[in-house]
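A closer look at the structure
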Amino acid sequence: MASSLRSVLSINSSTIHTNRVRTHSLLPPLSISVTRRRFTIRATETDANEVKPQAPDKAPASSGSSFNQLLGIKGAAQETNKWKIRLQLTKPVTWPPLVWGVVCGAAASGNFHWNFEDVAKSIVCMLMSGPFLTGYTQTVNDYYDREIDAINEPYRPIPSGAISENEVITQVWVLLLGGLGLGGLLDVWAGHNFPIIFYLALGGSLLSYIYSAPPLKLKQNGWIGNFALGASYISLPWWAGQALFGTLTPDIIVLTILYSIAGLGIAIVNDFKSIEGDRAMGLQSLPVAFGAETAKWICVGAIDITQISVAGYLLGAGKPYYALALLALIIPQVVFQFQYFLKDPVKYDVKYQASAQPFLVLGLLVTALATSH
C-alpha cells in the first residue's frame, strides 16, 4: 500500500517516489526468517558487505543536503545518526501520495464526517499507508537494490555501509508488522465482519515484496513493475480509505485500476536517472528497453490518456462539471511536460514532478468526489 502512486502518487510515489521512488508507494512472505543468513539467500547471491563503494565518489558529504537526507532523495548529505539514516531509508518524500490516496478513498465513500472519530480513523489509516507500509516498501527496495545503488547512488545508506544489514532487516519487520497491526485495528474500529483493510495491507505488502525481491522481481519488467507500482500508490490507499468509511464497489475498483496506468507513467519518470545501473544489472526499465526518447513519450501518454479517459467516463456517467474540472487540471500538466520533462527527463525530473503532479492528485480528488455523488 502504498508501498503506494514510486514515491499518488504520493499518487508511489514515487511513489506519487522522486528521489528514486520505486516502491513502492507495501510483505515478505511470513515464512521468511529474520536471521541474516536466510534473508541474504532470498536477496541475492552477493553478500551486501561486498558492495561498499565510497560515497564521496559521486556525492561528497560536503555538498550533500541535510534536508534531502531526511526526505530520502538524491543529493543527501552523509549522516551518522542511525535514526536519521533509518528515516532516510523509508523515503518520507514518497508518503504523501499514499496519504492523499486515503483522502480520496474517504471522499469517494460519501460517509466521511468531520468529527473526532472519523478524523482519528483517517489519520491512523494514513499512518498505516505512509510511514509504516510505504516505509517498509522503500526499505525492502533499498535492500534489494543495494548493487544497483552501488552504481547509481553509492552514497545511499546500505551500499555506503552507514547501516548494517541486520539493522535494515529489523527495520523491515518492525514497519511491516506495525502496518499490518494498524490494518487489523482499523477493521475492528470500523466494525468490519471481514478484515478487508488488513487483507489490503497484506496484499499490498506482498506486491511490494515481489516487486523488489527475486525470484519474481517485477521491477525487472518495465511494464509489469511500473503498473504494480502505480497500483500500490493509487488503488490500494484509495481502497483502504473507502473501505474504512464505506463499501468498495466494482466500478470504483475498475476506475482506480485504470488510474493506476497514470501511476505507471509517473513511475517511468523515476527510471530515467537509473538507466546506467538498470542496464548494468539487466533490469528492463522502459528507458532501457525502448531508449530514452521513446520512453518519455510512453510516460506522458500513459499519464495524459488515462486522465482523459477518466474524464470521458465521468461525462458518460452524467457528471459533466466534474469531467470539465478534470480536463482543466490536465492542461497545466501537458504544459509542464513540454516545458520540462520532454526537454530533458533526467535534468528536469524533480522540477517536472513538483510542477505537474499537484494537478494530477487534485484530479484524483475530483474523481473521488464525483463518484461519491
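Thresholds, definitions, all that
Residues numbered from 1 in each chain as written. Predicted model: local features only at pLDDT ≥ 70, side-chain atom pairs only at ≥ 80, totals over all residues. Heavy atoms only, no water. Patch = residues over 30% accessible without salt bridge, like charges linked within 9 Å, V, L, I, M, F, W, Y side chains within 5 Å. Areas by Shrake-Rupley, 256 points an atom, 1.4 Å probe, with all protein chains shown as cover. Salt bridge = Lys/Arg side-chain N within 4 Å of Asp/Glu carboxyl O. Helix = DSSP H or I, 4+ residues; strand = E, 2+ residues; numbered from the N terminus. Buried < 20%, exposed > 50% of the residue type's maximum accessible area, 1.4 Å probe, protein only. Axes fitted to C-alpha atoms, helices over the stretch in contact; angles between N-to-C directions. Parallel < 35°, antiparallel > 145°, perpendicular 65-115°, else oblique. Left-handed = near helix turned anticlockwise from the far one by under 90°. Contact = heavy atoms within 4.5 Å. Nonpolar A, V, L, I, M, F, W, Y, C, P; charged D, E, K, R; others polar.

Further remarks concern a nonpolar patch on the surface. Residues Phe 227, Ile 253, Ile 257 and Ile 261 make up a contiguous nonpolar surface patch of roughly 270 Å² in combined accessible area. At three residues, the largest contribution of residues to the nonpolar patch is made by helix α12 (residues 250-269). The residue Ile 253 is located in helix α12 in this model. Its relative accessible area of 30% is what places Ile 253 among the partly exposed residues.

Bringing the packing of helix α4 (residues 95-109) against helix α17 (residues 349-371) into the picture now. At a minimum axis distance of 7 Å, the contact between α4 and α17 shows a crossing angle of 20°. By the angle class used here, α4 and α17 are roughly parallel. Our pair here, α4 against α17, has a crossing hand that is right-handed. From α4, Trp 100, Val 103, Cys 104, Ala 107 and Ala 108 reach across to α17, where they touch Val 361, Leu 362, Leu 364, Leu 365, Ala 368, Leu 369 and Thr 371. Split into classes, the residues belonging to the contact of α4 with α17 amount to eleven nonpolar, one polar and no charged.

If you trace the backbone, Phe 112 turns up in the loop between α4 and α5 (116-144). Phe 112 sits in the partly exposed class, given a relative accessible area of 21%. Sequence-wise, Phe 112 and Leu 244 are 132 residues apart; in three dimensions their C-alpha atoms are separated by 9.3 Å. Excluding residues that lie within four positions of it along the chain, Phe 112 makes contacts with Ala 106, Asp 118, Val 119, Ser 122 and Phe 245.

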